[in-house]
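Commentary on secondary and tertiary structure
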Amino acid sequence: MNYERPSENRTGSPAPANGRSPAESVDYRLFLECVHCGLCTSTCPTFTEIGDENDGPRGRIHLMRAVADGRLDVDRPMREHLELCLDCRACETVCPSGVQYGRLIEPFRLAVEEADATPLTRYDWFRQIILFRLFPYAKRLRLALAPVVWAQRFGIYDLVERMGLLRLVPGRLGQMITLLPPPRKPGPRLPRFLPATGRRRAKVAFFVGCVAEAMFRHTHWATLRVLQANGCDITIPDGQGCCGAIRYHAGDSPGAKKDADANVAAFDLDDVDAVIVNHAGCGAMMKEYGLHWDDAGQPARQALADKVRDVNEFLDELGLIPPPGRIEAVVAYHDACHLGHAQKILSPPRRLLAQIPGLDLRDLPETEICCGSAGTYNLNHADMARRLGDRKLENILRTGAQIVLASNAGCLLQIMREIREHRAPVVAMHPMDLLDLSYRHEQPVLPDSRGR
Ligand code: SF4
Ligand code: SF4
């Protein structure tokens with residue numbers, strides 16, 4: 001299958017400026033866990049799309065290890081094979097040897113990024129302004145999106161989208177605009193404390209995040225109501241911010257560490273049973289706070305990581321108080337990679353959803369394959385992201401689902417775009433949105449057969 005790499009025609013090797021091999025950032029023993037069996041290749045989205053061994057997990061591990069062994073330099077083609085990886089970690093889930101692929105690719109790519117002296121990379125405006133100065137800050141993001149929200153409210157955005165004009169906006173900015181979801185009432189600002197409804201069963205803190213707070217505050221409210229209905233006192237401390245995943249995955253490890261340390265300072269761990277996170281990308285990042293940096297702050301970061309629970313995982317452990325409201329709809333559950341593969345949380349959301357009376361929960365084919373979102377991957381690798389998004393939508397439609405559920409902001413944005421662009425008769429929402437409706441005896445708004 002043809003795949004045009006974004007920078008295939010560029011020449012020149014991004015020679016490390018600091019003289020260190022990126023392989024030095026990886027514990028060499030981790031390479032040895034791979035026995036080259038190849039069982040992971042068929043679950044790798046990029047391998048299944050392209051069919052090139054270098055774009056699969058086994059090939060990528062081989063390339064990184066060759067650098068560690070001094071048999072290969074980090075040149076442009078090699079870098080492209082590594083950059084095309086979604087870091088979805090589907091390969092980890094199926095690997096019989098327990099290879100920790102994320103602990104190979106993440107530090108390796110970071111080291112390549114940090115060592116790259118190319119001015120183009122260092123002063124990439126999108127990375128420096130949009131990724132580092134806008135995305136991690138909910139208030140700034142909401143302000144920047146205000147004109148688009150108004151255009152959506154007055155139908156201008158919809159018209160422009162229908163005419164295909166959004167696709168004319170070039171590059172990553174264009175991709176970003178096409179991902180924006182339709183406006184909805186976000187609800188009021190989140191308070192600092194919410195009491196349990198009825199008998200108190202747990203005391204938790206809630207992680208708010210950045211993109212999730214700017215675009216999915218309604219889901220935060222739904223999550224908080226579900227937690228209250230399940231007997232949780234909830235604190236929402238000031239001082240918390242982005243989980244750090246945006247900076248970490250874009251090659252800014254020191255910036256990500258600052259984000260992590262701000263969160264460490266914000267949460268009083270002695271006071272709560274768990275720190276609840278409702279978006280998988282943030283949860284996966286926070287659960288790995290103790291792995292990424294090795295300095296005096298490591299024990300405190302690990303302590304926070306130990307308290308982090310995905311909301312599906314937490315409610316399943318606590319024992320869900322069955323939601324009473326009947327919802328007769330066909331539903332497919334999409335496993336967000338950072339929930340299913342990175343956090344190994346597969347059954348809990350399904351067990352929770354199965355308790356909604358009337359719900360017809362169907363298996364999603366190829367649920368292990370990424371939807372193409374992968375953090376900011378869909379901005380940087382638009383072609384591959386679109387291919388995977390189309391593939392995901394086809395699989396969703398094959399189930400006959402009226403609602404597709406995903407526990408991650410990135411997946412929701414990606415799948416919602418697919419739905420809008422194909423006028424597909426399905427809506428996307430977070431599992432907590434649906435549970436909340438059931439607790440409140442309300443019904444979801446379902447699309448008609450024309451996808452409206
Ligand atoms: S990563 Fe695991 S599944 Fe893939 S080739 Fe290596 S040992 Fe086999
Ligand atoms: S993380 Fe995902 S894209 Fe990367 S090698 Fe593994 S399965 Fe493939």
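Note that this is a predicted model, so its numbers are computed, not measured. (Residues numbered from 1 in each chain as written. Chains lettered and ligands numbered in written order. Predicted model: local features only at pLDDT ≥ 70, side-chain atom pairs only at ≥ 80, totals over all residues. Heavy atoms only, no water.)

On to the domain arrangement of the protein. Domain boundaries assigned for the protein yield domain 1 (22-120), domain 2 (125-179), domain 3 (193-316) and domain 4 (322-439). The distance between the C-alpha centroids of domain 2 and domain 4 comes to 23 Å. With 13 residues of domain 2 in contact, the opposing surface of domain 4 contributes 12 residues. Both sides together, the interface formed by domain 2 and domain 4 hides about 1,200 Å², and carbon and sulfur atoms give 50% of it. Sorting the residues of the side of domain 2 that touches domain 4 by element identifies helix H8 (125-134), helix H10 (156-162) and helix H11 (171-179) as the ones contributing at least two each. Examining the composition of the side of domain 2 that touches domain 4, we find that 5 residues originate from one element, H11, more than from any other. For the side of domain 2 that touches domain 4, the residue count by class is 6 nonpolar, 2 polar and 5 charged. (Domains from an automatic or database assignment. Contact = heavy atoms within 4.5 Å. Buried area = accessible area lost by both parts, 1.4 Å probe. Helix = DSSP H or I, 4+ residues; strand = E, 2+ residues; numbered from the N terminus. Nonpolar A, V, L, I, M, F, W, Y, C, P; charged D, E, K, R; others polar.)

The mixed open sheet is built from 5 strands, whose spatial order is S1-S3-S2-S4-S5. Looking at the sheet topology across the chains shown, the edges are occupied by strand S1 (193-194) and strand S5 (308-310). Sitting on the sheet, helix H13 (residues 217-229) is in contact with S1, strand S2 (202-206), strand S3 (232-235) and strand S4 (274-277), with an inclination near 140° to S3. Running over the sheet, helix H16 (residues 280-287) touches S4 and S5 and is turned about 150° from S5. (Pairing = 2+ DSSP bridges. Axes fitted to C-alpha atoms, helices over the stretch in contact; angles between N-to-C directions.)

For the rest of this paragraph, the subject is the site of ligand 1. Around ligand 1, 13 residues are found, and the nearest of them are Cys-34, Cys-37, Gly-38, Cys-40 and Cys-95. Here the shell around ligand 1 is built from residues that sort into 9 nonpolar, 3 polar and 1 charged. (Near = heavy atom within 4 Å.)

In spatial order, the strands read S7-S6-S8-S9; together these 4 strands make up an open sheet with parallel pairing. Of all the strands in the sheet, the pair left with one neighbour each is strand S7 (360-362) and strand S9 (427-429). Taking each pair of neighbouring strands and ignoring which way they run, the sheet shows an average axis angle of 30°. Across the sheet, helix H24 (residues 409-422) is in contact with strand S8 (403-405) and S9; its angle to S9 comes to roughly 170°.

Taken together, Cys-44, Pro-45, Pro-57, Arg-60, Cys-85, Leu-86, Asp-87, Cys-88, Arg-89, Ala-90, Cys-91 and Tyr-101 form the complete shell of residues around ligand 2. Going through the elements one at a time, helix H3 (57-68) and helix H5 (90-94) are the ones with two or more residues in the shell around ligand 2. Tallied by class, residues from the shell around ligand 2 come to 9 nonpolar, no polar and 3 charged.

The subject of this paragraph is the pairing of S2. A large share of S2 lies buried, amounting to 5 of its 5 residues. Two strands pair when backbone bridges link them, and S2 and S3 are joined in this way by 4 bridges, in the parallel orientation. Residue Lys-203 lies in a different strand from S3, and its bridge partner there is Asp-233. Pairing analysis gives 3 bridges linking S2 to S4, with the strands arranged parallel. Bridged to Ala-205 within S4 is Val-275. (Buried < 20%, exposed > 50% of the residue type's maximum accessible area, 1.4 Å probe, protein only.)

Let us look at the packing of aromatic side chains. Under the definition given, this model contains 3 aromatic pairs. Ring geometry for Tyr-28 versus Phe-31: centroids 5.7 Å apart, planes at 65°, classification edge-to-face. Here Tyr-28 pairs with Phe-31, and both are found in helix H1 (residues 28-32), just 3 residues apart, close to one helical turn. On the basis of relative accessibility, which here comes to 31%, the residue Tyr-28 falls in the partly exposed class. We classify Phe-31 as buried; its relative accessible area is 1%. Aromatic side chains Tyr-248 and Trp-293 sit 6.0 Å apart centroid to centroid with 85° between the ring planes, which places their arrangement in the edge-to-face category. Pair noted here: Tyr-248 is in helix H14 (residues 245-249) and Trp-293 is in the loop between helix H17 (289-292) and helix H18 (298-307), with a separation of 45 residues, a long-range link. (Phe/Tyr/Trp six-rings, centres within 6.5 Å; stacked < 30°, edge-to-face > 60°.)

Contact geometry of H3 with helix H4 (residues 76-83) gives a least axis separation of 10 Å together with a crossing angle of 135°. One finds that H3 runs oblique with respect to H4. As for the relative orientation of H3 and H4, their crossing is left-handed in sense. Between H3 and H4, the contacting residues are Arg-60, Leu-63, Met-64 and Val-67 on the first element and Met-78, His-81 and Leu-82 on the second. Taken together, the residues of the contact of H3 with H4 sort by class into 5 nonpolar, 1 polar and 1 charged. (Parallel < 35°, antiparallel > 145°, perpendicular 65-115°, else oblique. Left-handed = near helix turned anticlockwise from the far one by under 90°.)

Of all the bends in helix H9 (residues 138-153), the largest measures some 45° and sits at Ala-146, one to four residues before the proline Pro-147. Buried residues of H9: Ala-138, Leu-141, Leu-145, Ala-151 and Gln-152, and no others. Packing partners of the buried residues in H9 comprise H8, H10 and helix H12 (211-215). Gly-155 sits one or two residues past H9 and shows a positive phi near 80°. (Bend = angle between axes of the 7 residues up to and from the residue.)

Quick look at the nonpolar core now. Residues Met-215, Ile-234, Phe-314, Leu-315 and Leu-434 are the most contacted members of the largest nonpolar core, which totals 82 residues. With 7 residues, H24 is the single largest residue contributor to this core. In this view, Ile-234 contacts Arg-192, Phe-193, Leu-194, Val-204, Phe-206, Leu-224, Leu-227 and Gln-228; residues no more than four positions away in its chain are not counted. (Core = buried A, V, L, I, M, F, W, Y, C linked by side-chain atoms within 4.5 Å.)

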